[in-house]
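Descriptive structure summary
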Amino acid sequence: MPLGTSSSVPQDYSAIAHLVGGHVDSGSATDDAFGDNEQPYCRRPIPTVPVGCIGAAPARTSETTPLLAPPVPRIVEDVDGKSFRAIFWEEVKTLLIYSFPVFGTYIFDYSMTITSVIAVGHISTIALAAASLAFMTASVTGFSIIQGMVNTLDTVLPAAWTSDQPQLVGLWTQRMTILVSIILVPVFALWLHAESILLALRQDPEVARLAGIYLMWICLGLPAYSFNYISRRYFQAQGLFTVPARIALVVAPINVLLNYLLVWGPDSIRLGFIGAPIATSISYNLVSILSVIYGIYFVPKTAWHPLSAKAFTHLGFLAKLSAGSVGQVASTWWSWELIGLSASFLGPVYLAVHSILVPTCNAFFQIPNALGASTSVRIGNLLGEQDAKRAAVVVEASLLLDFAIAIFFSCTVVVFRHSWGYLFNNDPEVVQQVADLLPLIAFVHLFDDIAAVVAGILRARGKQVLGAMLNVGAHYTIGIPVGIWLAFRMDLKLFGLWSGLGLATGLAALVGLYLCFTTDWHEEVAKAVERLAVDKQPIDEEHAY
């Protein structure tokens, strides 16, 4: 049976689950399959078969197993008969297929965030300052922590999906949901008392009051925001990359409409300032509802695990990985916020220039960031298949793609540097300083893109703590102190701050590259198998519900 590409990808498993109908013993048919501990995939060792061929060892049966329904077959990719070059270009194609919908999801997510800031910005300068301060506070104290924790799922879900226990995708998803729910308690407490905290930090009283109100209302969407990132990993691990993109595509225009109606709409429904966080919270919850509906009715339940007390096991292991993952994400995220805070002491012109450079980098960063997420999933899937050779090839393919993307975007900002500032501001002094700094920004962007893919590779290996140590060492021990020294002691202003940031990203990227190219992927396969082995014991049907 020919598949969609020359090499099998995770959604092939879902496609076959559809083809064999609703009787498969993959966890998608009935709870009986789980109760009898049926395994939908063959156990290792498995003889290699050509891609597109279906072969499976007999699954264990019981009186509830349909006699005529075959189990979901195992697809094993043929690498022995292929050259490195053939495998390499197969993986380039696969990564591109994965990355585009992930990129679309990121763009729609960003649009939902920025829409509320734009809607509030037209109320008054104070309202805009308050919304921006609230968003920065939410990012540092909540969003970065949640995203860091959920990134941990890249270590376990993709490998579980292609292993002989695909239902562990659902089990680890449940465990992460429990862990994130615990973390939300202090985040709620912090956001609900944000006004007093911001006043203690000597923020303007009116700005602090409005920012506190914004954070109070955005709390309504915080659980949904967390669930959305978890469900996204659940879908992506199965190769269903387009599902989050489709949902975001539906909700993004609804979010724009809600922001307009609740902030600027008719008197009967207009809420003014608080309309923006309420509209955003509604949108987050709408994404969650659509994700649940899609997961229940339109996705085979091969990856689902029945709710049971097992969801409360191994939380310590997951918390340890999550701590490193939070450090990996938050250390970089917070460093950019610290650079922005430092820029505010240089004066309004430099702050305006910085406010142009940051969104420029953020916009160009989305594609390599999507590539990093796709690389993490792809390597995780291959570790679950115990395919060390192809996993090593994915590293080289992803880094080549990333380098090409980074070079393209870096060249773009350098070529258009003299007119780039006019996209944001008409002040000639601001535009000229932007033009002067963009060659440096191109250098920073090059290494920042590499670091994004390196981070994805480290997540797939379960090396979040190592990634966190690398980022903290590069940014806070070297990059930021050097940048502040250059900016204020050597009077290099923004050039000094961004030079320090470039030094940090360059160091992190180069050390990360060394770690990636010296990885023993056979050892990583063994570690992935060991991680999944903790749940090898049969599922107790009496405790599932």
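Residues numbered from 1 in each chain as written. Predicted model: local features only at pLDDT ≥ 70, side-chain atom pairs only at ≥ 80, totals over all residues. Heavy atoms only, no water.

An unreviewed UniProt entry lists the chain under the name MATE efflux family protein, from Scleroderma citrinum Foug A. Looking at the Sequence similarities (unreviewed entry) heading of the UniProt record, one finds this comment for the chain: "Belongs to the multi antimicrobial extrusion (MATE) (TC 2.A.66.1) family." (UniProt positions renumbered as here; feature names shortened; annotations may be inferred.)

A short note on the overall build of the chain
Tallying secondary structure elements over the chain gives 19 helices and zero strands in all. In the chain, which comprises 545 residues, the proportion classed as buried is 56%. In the chain, the proportion of contacts linking residues at least 24 apart, taken out of those at least 6 apart, comes to 84%. On the chain, roughly 22600 Å² of surface is accessible, and the fraction owed to carbon and sulfur atoms is 69%. (Helix = DSSP H or I, 4+ residues; strand = E, 2+ residues; numbered from the N terminus. Buried < 20%, exposed > 50% of the residue type's maximum accessible area, 1.4 Å probe, protein only. Contact = heavy atoms within 4.5 Å. Areas by Shrake-Rupley, 256 points an atom, 1.4 Å probe, with all protein chains shown as cover.)

Focus on the confidence of the model for the chain
With 83% of its residues at a pLDDT of at least 70, the chain reaches an overall mean of 82. Mean pLDDT values for the elements of the chain range from 34 in helix α2 (residues 31-35) up to 96 in helix α6 (residues 168-192). Ignoring residues within four places in sequence, the model shows residues 11-76, a span with pLDDT below 50, making 134 contacts including any to other chains. Considering only residues more than four positions removed or in separate chains, one finds that residues 539-545, a stretch of pLDDT under 50, has 19 contacts. (pLDDT = per-residue confidence, 0-100.)

So, the packing of helix α4 (residues 125-150) against α6
The contact between α4 and α6 brings their axes to 10 Å, and the two run at 175 degrees. Accordingly, the angle class assigned to the pair α4 and α6 is roughly antiparallel. Residues Thr137, Ala138, Thr141, Gly142, Phe143, Ile145, Ile146, Met149 and Val150 of α4 form the contact with α6, whose own contacting residues are Met176, Leu179, Val180, Ile183, Leu184, Val187, Leu190 and Trp191. Taken together, the residues of the contact of α4 with α6 sort by class into 14 nonpolar, three polar and no charged. (Axes fitted to C-alpha atoms, helices over the stretch in contact; angles between N-to-C directions. Parallel < 35°, antiparallel > 145°, perpendicular 65-115°, else oblique. Nonpolar A, V, L, I, M, F, W, Y, C, P; charged D, E, K, R; others polar.)

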